[in-house]
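Residue-level structure breakdown
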Amino acid sequence: MLGATIEPALSEPQFAALVDALAADPERRGDLISFLREDHPHYGERGAAAIVRMRGWVLLAIARGEVPDDALIFILEELDTGVDPYLVAAAARALRSYPRPTAALAPFVMRALGNIRYRDEPVSFADYGEYAISPTDASAVSEVLATLRWLGPRARDILPQLEPLRAPHGGLPRKLRLDVDRALQAIRSPAPEDEPGTHSCCGTAPNGVRSMSSLPSNSRRGTKQIESIALQDQKGELITFKEYFQGQPSIVVFFYTRCDNPMKCSLTVAKLARVQKLLEVQGLVDRIHTAAITYDPAFDLPERLRVYGQDRGVRMDAGHRMLRVIADNDNDVLRRHFELGVNFIESLVNRHRIEAYILDAQGRIAVSFERLHWDEEQVVIRTVEMLKEKECGSGSQA
Amino acid sequence: MATKRKIGKRASTRKQKAATAAPVQSPENINDVRSLLKVLRDGSKPIDVRMAALQSLGAAAFSVADFDSVHADYIAALREVSTDSHEQLRRRALGILMRNKDGYAQKKLLDGLKNSAKALVPPEKALQLLSYDVHAGAYSAARSILKKPPNDEAKREALRLLAADTKSTPLFEKVLRDKKELRVNRQIAASALHSLDPAKLQARARKILLDKSDYSDIKATSLTALEQFGDDGSLAKDKTLLQSVNRFKNSKISAKYKQTARRFLSKYGP
Amino acid sequence: MDVELHINNSTAPEVRFLTWSPSPCRIRVTNPSGANTPTVSVKIAGVSAASGGSVVFRSGTTGAFSSTVTLTVPVDGTSVSFFAAGKFGQASVNDGDIKIEARVGTTLVGSVPVMVRIRKDANDLTTGERDRFVAAFAKLNNQGLGRFADFRNMHVSVSLPQAHRAPGFLPWHRAYLLDLERELQAIDPSVALPYWRFDKPAPNIFTRDFLGESDAIGTVQFSNSNPLQFWKTDNTPGINRTPDFPTSQAPPGLSNEAQTLALGTQFRAFRGMEGDPHGLAHTSFGGSIQDPATAPKDPLFFLLHCNVDRLWAKWQRKNDRFDAAVAESFDERPTSRSGHRLNDTMWPWNGITSATDPTRPPTAPGGGMAASPAVGAPGPQPRVRDCLDYHGVTDAASDMGFDYDDVRF
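Concerning the overall build of chain B
The number of helices and strands found in chain B is 16 helices and 0 strands. Relative to the compact-globule value of 18 Å for 270 residues, chain B shows a C-alpha radius of gyration of 24 Å, a clear excess of over 25%. Over its C-alpha atoms, taken along the principal directions, chain B stretches across nearly 70 × 45 × 30 Å. Burial statistics for chain B: of 270 residues in total, 54% are counted as buried. In chain B, the proportion of contacts linking residues at least 24 apart, taken out of those at least 6 apart, comes to 57%.

Structure (structure tokens):
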């Protein structure tokens, strides 16, 4: 009754040694990218703080050499919505090993500064899992400022946000204000030559970083495995996946009520509410379904789902629901089907990414938005395309 | 926002009030805060002076403009003194760190629960502090404590920590049912069960109220749970339950419990 | 003959709550039978239950209050206005423990129960007041599922600059408390937020029947009939609170009320109380209340801040600092952060997040300020300046519908 405890296969020091070995082997360095997926087995059955230590070490290991393009999205994700100072610092440091910096990176670094400046911590990267206990020069904020300095003139667009931080009461201590000055100096220095497509605002991802992927109709996965799973909504009503998601396009987000990063789940669900308002304005709210599905079905019972949605302005009715699976195994089915970026310690989420999906009228995954903040209008535009696809009969059965 | 004030007069008044404790002052600026951090770290200073410095630093977190600018140094100092020779300082520093969801503190506390030679605070305190962060990964440690609790407080804190563990529903049902359990543990079980499975709590609370041999205190908890959070429609129709509550009210119980019963009956009775 | 009495310009029961500030009232004849003149003389008086509150009246917006007022009321149904207020020092204990009665001669022609609902010293509440407050608070928490979660989430590390270490500290917390109090009153309208007078012993607060008794490791224990035994925040049940002082005494080292009020006659000086006594009151404990980011997990936080607000109210009364146009009433600086200048709206009620303003937190929990059925101020998106004239001294329309037992109008 007290429940068996499942221990992870590797201890943390063993994991660190494995990461170091891979990083040192030029043939195998690329394997480290797979270690950045949340659902990697190494992260199962570990507490959130352990995940932070492990992920941070992977980022630092990758950054010992040139950071490859397919690692960039993980770094940007951490800068965009990370709230753990150690991990944000590791991401900021890792970015400095990326060989092709562009102006599009600057808003991410600036956002990271906003996210952690009120919870700065000393950081130490010399050994795995080390926590600084002396006042050191290195802190999460200093790492982020160093990355702004590294960006130099490419960061010109964020000057208006950075300049106020050098004021005496701007919230940074003197030693960090010197770092701000150095960064400002580097940013204001003349650019060597104009880089193509340098100016970027609003956090749109740099060229090459794909946070959205869409699948043409003939390569979308079928739903046979998932269509019979039973879902329960915020009123306690039961409905199968097929019944809810087939027949019209749907927008699906994942979340859980115990998420303690306000920029992830809470914001995701609040954004779903904004998507619903856009659908209402466009007269589409009866032709497109929306759903917020919890990663944590055992804890997120219907009443909890209802209150969470209500507090964030979510519309809840026959076509717009907060959902959970009810059979134990069905959570695994859901995870596999969506390839969810989540992991658990027992049933509690220990880490997850931001993810939103558009399903076509057959309930198949057509578009996915991963890791970086997705834009509500973009999501609606893409979903309307699914509607047109349905109406033109151009979507084919799996 | 340094404000001129009559520090001297105020300090002497404070000293009169707290003759045996070191004076605590509210720092006015970042330089004050830096001085306090030095005092905190200084093992040669008397412990009450260091504790007063820690209290003042806590006050600074509320009121000193630019406190965020020394937050990293504050965390570093807290981590350092979390292994200090004085337990009261360790406790307080670990408490502040755990409220910040600090990974260093979590690791130290979990290691201490696994291996008592490494424990910085007693197990009941470690469990209490770990419960600040649902993601601390402390469930297995809490379950181990429940298998062989070193003392009543540790058992209680382990139960409290597990209150959000969906696997522990059977455990809480068992604790709530067990009349030999301590009152406070049954109280925690009622609260936990209400979170994890409200229908089960309502059913169990009803059984407790109908059970003539169960204790009045757990009946009072059950009544409070039902009155505050129960399903109004079904409670008002439950004649058997209302009769039991009436019997409870008329039995030899404290005035307070009688009042709880009266409130319940006036809400749901005819 | 019958008359209709409007309290706060309404006949609805939910608005029949008075403070020390004059509330606009009206009387009109609804059934003129028996009248043979175009007007009647109606005497309005308050009738108090034993230990109940007391009401005073005046016919216009100025002048002294007295225990009765006599009005000439047309029998054609035209209403006549007057003002009612709680008699200072005589707050109600229960809802409806005062009746406002209207008589023509000796005949009772109309009556309405009211409550003089006032924020009181928590240590001196009656058992009934205490139990109603605790029950409403526990309901608001609703085992972690209730609206209280929004109040908890308004006071987290990323949002601290919206409300601390800057001039807007006192107005922001005044709005925060008022929002919470109105939510409590939506559950039980007879409830007012009590204050913890931290410069005096308050042994009645730290009991199992009220805000709990701490054990040796700081876990707070409640009696089996106290609904706070089900309190949950951040998905964890219970409250951690370790007093660093015997709770039969006051916490040592804090400035007392006289010292706090003597900080200066300008707001710029007075707001230094954010450190002492406010910050020191918080750090007289270990546990959640000790840290800004976790303090509201402990319900004691709201009683602590109620006293902070009371001290500000008292200072305002002492120095006549209700008018935002008077420079000494506030510490207005053009360099202050957003949300700390008189004309700024305040997060979270303004709904502004980092999506549009990077100085704001990523979400804005709770929506707009809760409305009151009795008064219109401060509106759903209060500005800093709207929080100064809390009981309508400069402008009656600013009355926010609360008062303290020892701060007169």
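Quick word on the sheet that holds strand 5 (residues 55-58) of chain C
Residue and element names in this part refer to chain C. Strand order in this open sheet of 4 strands is 1-3-7-5, and the pairing throughout is antiparallel. Looking along the sheet, the strands with just one partner apiece sit at the ends: strand 1 (2-7) and strand 5. This sheet shows a mean twist of 35 degrees between the axes of neighbouring strands, independent of strand direction.

Brief notes about the interface of chain A and chain C
Taken together, the contact pairs 14 residues of chain A with 11 residues of chain C. Considering only residue class, the side of chain A that touches chain C consists of 6 nonpolar, 3 polar and 5 charged.

Re the domain arrangement of chain A
All names here are of chain A. Looking at the assigned domains, one finds that chain A contains domain 1 (12-188) and domain 2 (212-391). Between domain 1 and domain 2, the C-alpha centre-to-centre distance is 30 Å. Every contact between the two is made by 16 residues of domain 1 and, on the other side, 17 residues of domain 2. Elements that contribute at least two residues to the side of domain 1 that touches domain 2 include exactly helix 2 (48-62) and helix 3 (69-81). Of the residues forming the side of domain 1 that touches domain 2, the biggest block, 5 residues, is contributed by helix 3.

Side note on the interface of chain B and chain C
Every contact between the two is made by 52 residues of chain B and, on the other side, 48 residues of chain C. Where the side of chain B that touches chain C is concerned, the elements lending two or more residues are helix 1 (7-17), helix 3 (47-63), helix 5 (87-99), helix 7 (123-130), helix 9 (152-161), helix 11 (183-196), helix 13 (216-229) and helix 16 (255-268) of chain B. With 8 residues, the single largest contributor to the side of chain B that touches chain C is helix 13 of chain B. Tallied by class, residues from the side of chain B that touches chain C come to 22 nonpolar, 16 polar and 14 charged.

Quick notes on helix 2 (residues 30-41) of chain B
In a regular helix each residue adds 1.5 Å, so 12 residues correspond to 16 Å; helix 2 of chain B covers 17 Å between its end C-alpha atoms and thus fits that length. Next to the buried residues of helix 2 of chain B lie helix 3 and helix 4 (71-81) of chain B.

A word on the environment of Glu129(C)
By secondary structure assignment, the location of Glu129(C) is in helix 1 (residues 127-141). Measuring from C-alpha to C-alpha, the distance between Glu129(C) and Leu71(C) comes to 35 Å, with 58 residues separating the pair along the chain.

Some remarks on the pairing of strand 3 (residues 23-31) of chain C
Residues and elements named next belong to chain C. Of the strand pairs in this sheet, strand 1 and strand 3 are connected by 6 bridges, and their pairing is antiparallel. Of the residues in strand 3, the one forming a bridge with His6 is Arg26. Sheet topology places strand 3 next to strand 7 (residues 80-86); 5 bridges connect them, and they run antiparallel. From the neighbouring strand, Cys25 faces strand 7, where its bridge partner is Phe82.

Quick word on the packing of helix 1 of chain C against helix 3 (residues 169-187) of chain C
Residues and elements named next belong to chain C. At their nearest, the axes of helix 1 and helix 3 sit 9 Å apart, and the two run at 100 degrees to each other. By the angle class used here, helix 1 and helix 3 are roughly perpendicular. In this structure, helix 1 contributes Ala136, Phe137, Lys139 and Leu140 to the contact, and helix 3 contributes Glu183, Leu184 and Ile187. For the contact of helix 1 with helix 3, the per-class residue count stands at 5 nonpolar, no polar and 2 charged.

Brief notes about helix 5 of chain B
Helix length check: helix 5 of chain B, at 13 residues, gives a terminal C-alpha distance of 18 Å against a target of 18 Å (1.5 Å per residue), a fit within 8%. When helix 5 of chain B is considered as a whole, its buried residues turn out to be Leu89(B), Arg91(B), Arg92(B), Ala93(B), Leu94(B), Gly95(B), Ile96(B), Leu97(B), Met98(B) and Arg99(B). Contacts from the buried residues of helix 5 of chain B go to helix 3, helix 4, helix 6 (103-114) and helix 7 of chain B together with strand 15 (285-287) of chain C. Where helix 5 of chain B ends, the next residue or the one after it, Lys101(B), has phi of about 55 degrees, a positive value.

Side note on the packing of helix 5 (residues 106-116) of chain A against helix 6 (residues 140-151) of chain A
All names here are of chain A. Taken N-terminus to C-terminus, the directions of helix 5 and helix 6 make an angle of 160 degrees; their axes are 10 Å apart at the nearest point. With respect to each other, helix 5 and helix 6 are oriented roughly antiparallel. Crossing hand, helix 5 versus helix 6: left-handed. Counted together, Ala106, Val109, Ala112, Leu113 and Ile116 of helix 5 and Ala140, Val141, Val144, Thr147, Leu148 and Leu151 of helix 6 form the full contact between these two elements. The residue inventory of the contact of helix 5 with helix 6, partitioned by class, reads 10 nonpolar, 1 polar and no charged.

Looking at unusual backbone geometry
Excluding glycine, a negative phi dihedral is what most residues carry, and trans is how most peptide bonds are arranged. Cis geometry marks the peptide bond from Trp347(C) to Pro348(C); its omega dihedral reads 0 degrees. Within the secondary structure layout, Pro348(C) lies in the segment after helix 7 (300-319). In this structure, the amide linkage connecting Ala377(C) to the following residue, Pro378(C), adopts the cis form with an omega of -5 degrees. With a phi close to 60 degrees, Glu45(A) is a non-glycine residue in the positive phi region. Looking at the secondary structure, you find Glu45(A) in the loop between helix 1 (12-24) and helix 2. For Glu45(A), a count of 19 C-beta atoms within 10 Å translates into the label partly exposed. Located in the positive-phi region is Asn142(C), a residue other than glycine, with phi close to 45 degrees. By the secondary structure assignment, Asn142(C) is in the loop between helix 1 and helix 2 (148-153). Owing to 19 C-beta atoms within 10 Å, Asn142(C) belongs among the partly exposed residues under this scheme.

Describing the sheet that holds strand 8 (residues 98-104) of chain C
Ordered by their spatial adjacency, 5 strands build an open sheet running 2-9-8-4-6 (chain C), and the pairing between neighbours is mixed. Both outer strands of the open sheet, strand 2 (17-18) and strand 6 (68-74) of chain C, are each paired with one neighbouring strand and no more.

The rules behind these values
Residues numbered from 1 in each chain as written. Chains lettered and ligands numbered in written order. Predicted model: local features only at pLDDT ≥ 70, side-chain atom pairs only at ≥ 80, totals over all residues. Helix = DSSP H or I, 4+ residues; strand = E, 2+ residues; numbered from the N terminus. Rg over C-alpha atoms; globule rule 2.2 N^0.38 Å. Buried ≥ 20, exposed ≤ 12 C-beta atoms within 10 Å, placed from the backbone. Contact = placed C-beta atoms within 7 Å. Pairing = 2+ DSSP bridges. Axes fitted to C-alpha atoms, helices over the stretch in contact; angles between N-to-C directions. Nonpolar A, V, L, I, M, F, W, Y, C, P; charged D, E, K, R; others polar. Domains from an automatic or database assignment. Expected span 1.5 Å × (residues − 1). Parallel < 35°, antiparallel > 145°, perpendicular 65-115°, else oblique. Left-handed = near helix turned anticlockwise from the far one by under 90°.

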